[in-house]
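# Commentary on secondary and tertiary structure
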Amino acid sequence: MTEPPLAAVVMAGGLGTRMRSAVPKHLHELLGRSLIEWVLAAVEPLGATRVVLVCSPQNEAALRERLGDRVEYVVQDEPRGTGHSVACAGPALSGFDGDVLVVPGDTPLLREETLAGLLRAHRTSGAAVTLLSFEPPDARRYGRVIRDDSGAVLRIVEAGDASEEELAVREVNASVYVFASSSLWPALGKLEPHNVQGELYLTDAVGHLTGAGALAAGHVTDDWQAVEGVNTRVELADAMDVLRHRILREVMLAGGTVIDRGSTWIDHGVRVEPDAVIHPFTVLRGSTTVGAGAQVGPHVVAVDAEIGPAALVGPFCYLRPGTVLRERAKAGTFVEMKNSVIGRGSKVPHLSYIGDADVGEGTNIGAGAITANYRAELGGKFRTRIGDDVHTGSHNVFVAPIEIGDGAWVGAGSTITKDVPPGALAVARARQLNKEGYRGRQHD
């Protein structure tokens, strides 16, 4: 039997005032994704033909800039509750006949498999609506799910309206639903603002359906953290911690080693290959990749960098975007690199800045090296090219644009402003002058 088509409505109309931030709540960052992008990452694999994002006039432009055409946008002119938010998506989904998944846009811990389980339960039950529920350690403010003797859902009672008996119910509403479209829109049309806030609650739509004799089902998830919402920076940090440990677990199950999970931060877009070792106090961000057998850390930050197989990075090293370390290359202690390629087996052991540079294979860059890549008089940044098997001394400055040929040597303390031919020795420093008896003359 062919399954009905699926549409998704993501509610992101809240203003997030409790975040106390100029940044819209749904665009706060969590390990390389914004909050709303984590939600969409759980929704999109389900195969919805339409994904409608309900936003506020205040955050529409920022969401459009971040998400582009990943979703369809509907504006909720004023915040009148969850029921009103979903109703705003009605005109956009006019003529759609299928299942409608409704998801809050502030639940970054939602998993694809959680939503897939809810969708399967809905299609198996044949219910007009199937809600996702869970049993948290503390039910506190959540609406209670009230069922009849057969297990069907009767209604959802908000915590503030619940009796003592109802408050004793441990199963609570996750505010995630799948509706049959033919049932959803008529039920939303019956909503009334029976509350001090004057809001239309989506939970009341469930009561209208069951009151009319329709079947409402509930699907219980055992992952109570997955449906926790984010409204404050404290809750944002809590969610980030859960996501961080999920990512680290995936890294380790795929064959990477994380020495200290408590001090290691890895973004979702990072790839760590088997037998790579991530040492404590390491932060890997963006699209960074770590090759098999590489050693990274401790105290390393890498952003959009490529760390090759068996490469060594750190301790106390910063790899900025565009850095590429080939196989067995080394970026050592107190080294910063940016937009540079370090060839196979080459080493930048310590106390150096390498920016906008290409370093060949088997080259050793001495301590205190700097590529002076910005030339104001030439109007921009330029590259330094250092060949294979080059040996540079301590405290060298390479003033770009410049090229050091294969097999060349550079004397310590040299500032190199001209190309160095292959196999040559370059020395660019003043001749040493010793003035004998100098100390004695100071006391004359």
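Notes on the structure follow.

### Considerations on unusual backbone geometry
Peptide bonds are trans in most cases, and residues, glycine excluded, mostly fall at negative phi. A cis amide bond, omega 0°, links glycine 314 with the succeeding residue proline 315. Put simply, alanine 400 and proline 401 share a cis peptide bond, and its omega is 0°. In this structure, proline 401 sits in the loop between β33 (397-399) and β34 (402-404). With a phi angle near 55°, leucine 351 is a residue other than glycine that sits in the positive phi range. Mapping leucine 351 onto the fold places it in strand β26 (residues 347-355). Overall, the relative accessible area of 53% leaves leucine 351 in the exposed class.

### What about the sheet that holds strand β37 (residues 425-426)?
Taken in spatial order, the 3 strands of this open sheet run β32-β35-β37, and their pairing is parallel. On the outer flanks of this sheet lie β32 (391-392) and β37, each paired with one strand and no other. Taken together, the 2 bridges between strand β35 (residues 409-410) and β37 define a ladder with parallel strand orientation. Bridge pairing in β37 places tryptophan 409 opposite leucine 425.

### As for helix α6 (residues 181-189)
Turning to α6, its buried residues number three or more, namely Ser181, Ser183, Leu184, Ala187 and Leu188. Angular distribution of buried residues about the axis of α6 spans 155°; they occupy a single face of the element. Across from the buried face of α6, at angles greater than 90 degrees, the exposed residues are Ser182 and Gly189. Lining the buried residues of α6 we find α3 (82-88), β6 (99-104), β10 (172-180) and α7 (202-211).

### A closer look at the packing of α6 against α7
Across the interface, α6 lies against α7 with an axial gap of 9 Å and an inter-helix angle of 110°. Accordingly, the angle class assigned to the pair α6 and α7 is roughly perpendicular. Along the contact surface, α6 presents Ser183, Ala187 and Leu188, while α7 presents Leu202, Ala205, His208 and Leu209. Looking at the contact of α6 with α7 residue by residue, the class counts come to 5 nonpolar, 2 polar and no charged.

### Observations concerning the packing of helix α1 (residues 35-43) against helix α2 (residues 60-67)
The geometry of α1 relative to α2 is characterised by a closest axis approach of 11 Å and an angle of 55° between their N-to-C directions. Accordingly, the angle class assigned to the pair α1 and α2 is oblique. The hand of the α1/α2 crossing is right-handed. Between α1, through Ile36, Glu37 and Leu40, and α2, the contact on the second element is made entirely by Leu63, Arg66 and Leu67. Counted by class, the contact of α1 with α2 contains 4 nonpolar, no polar and 2 charged residues.

### Some remarks on the sheet that holds strand β23 (residues 324-325)
Pairing is parallel in the open sheet, where 8 strands are placed in the order β14-β17-β20-β23-β25-β27-β31-β34. With partners counted over all chains shown, the strands left at the sheet margins are β14 (271-272) and β34, one partner each. Taken together, the 2 bridges between strand β17 (residues 289-290) and strand β20 (residues 306-307) define a ladder with parallel strand orientation. Within the sheet, the bridge partner assigned to threonine 289 lies in β20 and is glutamate 306.

### Considerations on the packing of aromatic side chains
In total, this model carries 3 aromatic pairs according to the counting rule given. Between the aromatic rings of tyrosine 177 and phenylalanine 179, the centroid separation amounts to 5.6 Å while the plane-to-plane angle is 35°, which identifies the pairing as tilted. Here tyrosine 177 and phenylalanine 179 have matching classes, each one buried. The interplanar angle of 15° and the centroid separation of 5.3 Å between the aromatic rings of phenylalanine 316 and phenylalanine 334 together place this pair among those described as stacked.

### So, the pattern of salt bridges
This structure, assessed with the given rule, holds 25 salt bridges. For aspartate 241, the salt bridge identified is with arginine 244, shortest N-O distance 2.9 Å. Taken together, the positions of aspartate 241 and arginine 244, both in helix α8 (residues 233-253) and 3 residues apart, correspond to about one turn of that helix. Judged by relative accessible area, arginine 244 falls into the buried class, the value being 4%. Members of the salt-bridge network, linked through shared partners, are Glu29, Glu37, Glu44, Arg66 and Arg70.

### Considerations on helix α4 (residues 112-125)
Helix length check: α4, at 14 residues, gives a terminal C-alpha distance of 20 Å against a target of 20 Å (1.5 Å per residue), a fit within 8%. What α4 keeps buried is the set Thr114, Leu115, Ala116, Gly117, Leu118, Leu119 and His122. Among the structural elements, β1 (6-12), α1, β6, β7 (129-134), β10 and β11 (216-220) are those in contact with the buried residues of α4. Where α4 terminates, the next one or two residues include glycine 126, which has phi positive at roughly 70°.

The rules behind these values
- Residues numbered from 1 in each chain as written.
- Predicted model: local features only at pLDDT ≥ 70, side-chain atom pairs only at ≥ 80, totals over all residues.
- Heavy atoms only, no water.
- Helix = DSSP H or I, 4+ residues; strand = E, 2+ residues; numbered from the N terminus.
- Buried < 20%, exposed > 50% of the residue type's maximum accessible area, 1.4 Å probe, protein only.
- Pairing = 2+ DSSP bridges.
- Arc of directions from axis to C-beta.
- Contact = heavy atoms within 4.5 Å.
- Axes fitted to C-alpha atoms, helices over the stretch in contact; angles between N-to-C directions.
- Parallel < 35°, antiparallel > 145°, perpendicular 65-115°, else oblique.
- Nonpolar A, V, L, I, M, F, W, Y, C, P; charged D, E, K, R; others polar.
- Left-handed = near helix turned anticlockwise from the far one by under 90°.
- Phe/Tyr/Trp six-rings, centres within 6.5 Å; stacked < 30°, edge-to-face > 60°.
- Salt bridge = Lys/Arg side-chain N within 4 Å of Asp/Glu carboxyl O.
- Expected span 1.5 Å × (residues − 1).

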